[in-house]
Amino acid sequence: MSSDYDRVRTGIEFMTAYVSGDELLTEYLEERRHEDPGATETLLDGTAALCAALLHTLARTTGRSEHEILQELARGTHRSERRSED
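Taken as a whole and assessed by the stated rule, the structure comprises 1 aromatic pair. Here Phe14 and Tyr28 contribute two aromatic rings whose centre-to-centre distance is 6.5 Å and whose plane-to-plane angle is 40 degrees, an arrangement assigned as tilted. Note that Phe14 is positioned in helix α1 (residues 4-19) and Tyr28 in helix α2 (residues 22-35), a separation of 14 residues in sequence. As far as burial versus exposure is concerned, Phe14 and Tyr28 are alike and both buried.

A few words on α1. Compared with an ideal rise of 1.5 Å per residue, which puts 16 residues at 22 Å, α1 spans 22 Å between its outermost C-alpha atoms and is within 8% of the ideal. Against the buried residues of α1 lie α2 and α3 (39-62). Looking at the residues trailing α1, positive phi occurs at Gly21, about 115 degrees.

Take the packing of α2 against α3 next. As a packed pair, α2 and α3 sit with axes 8 Å apart at the nearest point and diverge in direction by 120 degrees. The orientation of α2 relative to α3 falls into the category oblique. Along the contact surface, α2 presents Tyr28, Leu29, Arg32 and Arg33, while α3 presents Ala39, Thr40, Thr42 and Leu43.

When their charged atoms lie close together, side chains carrying opposite charge are able to pair. Overall, the coordinates contain 5 salt bridges when judged by the stated rule. The closest approach of N and O atoms between Glu13 and Arg32, which form a salt bridge, is 3.0 Å. Taken together, the positions of Glu13 in helix α1 and Arg32 in helix α2 put the pair 19 residues apart, joining distant regions of the chain. Glu13 sits in the partly exposed class, given a relative accessible area of 34%. The class of Arg32 is buried, set by a relative accessible area of 14%. Where Arg64 meets Glu72, a salt bridge forms, and the shortest distance between an N and an O atom there is 2.4 Å. Residues participating in the shared-partner salt-bridge network are Asp4, Arg7 and Asp45.

Right, let's get into the environment of Ile12. Mapped onto the elements, Ile12 comes out in helix α1. The exposure class of Ile12 is partly exposed, given its relative accessible area of 44%. When the C-alpha atoms of Ile12 and Arg83 are compared, they prove to be 30 Å apart, with 71 residues separating the residues in sequence.

Cut-offs applied
- Residues numbered from 1 in each chain as written.
- Predicted model: local features only at pLDDT ≥ 70, side-chain atom pairs only at ≥ 80, totals over all residues.
- Heavy atoms only, no water.
- Phe/Tyr/Trp six-rings, centres within 6.5 Å; stacked < 30°, edge-to-face > 60°.
- Helix = DSSP H or I, 4+ residues; strand = E, 2+ residues; numbered from the N terminus.
- Buried < 20%, exposed > 50% of the residue type's maximum accessible area, 1.4 Å probe, protein only.
- Expected span 1.5 Å × (residues − 1).
- Contact = heavy atoms within 4.5 Å.
- Axes fitted to C-alpha atoms, helices over the stretch in contact; angles between N-to-C directions.
- Parallel < 35°, antiparallel > 145°, perpendicular 65-115°, else oblique.
- Salt bridge = Lys/Arg side-chain N within 4 Å of Asp/Glu carboxyl O.

Printed below as a string of structure tokens:
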């Protein structure tokens, strides 16, 4: 089992490729899958660990609960999607 540090680092690596654009993300995923056939599970786990760390940090910084933050994100995403449909 990987340490939390390794899991979060994997999530950061994956999200860096994600925000860098489709071409780099595709290249990164192909490279990871070539190195490790189980890379998809590792990347999902790392991304979840990164999200959890960010959520915990945001909750601690704002004094709000993780649940409140998640609900706000859900509402904000829903509003944003509805505006884009109009």
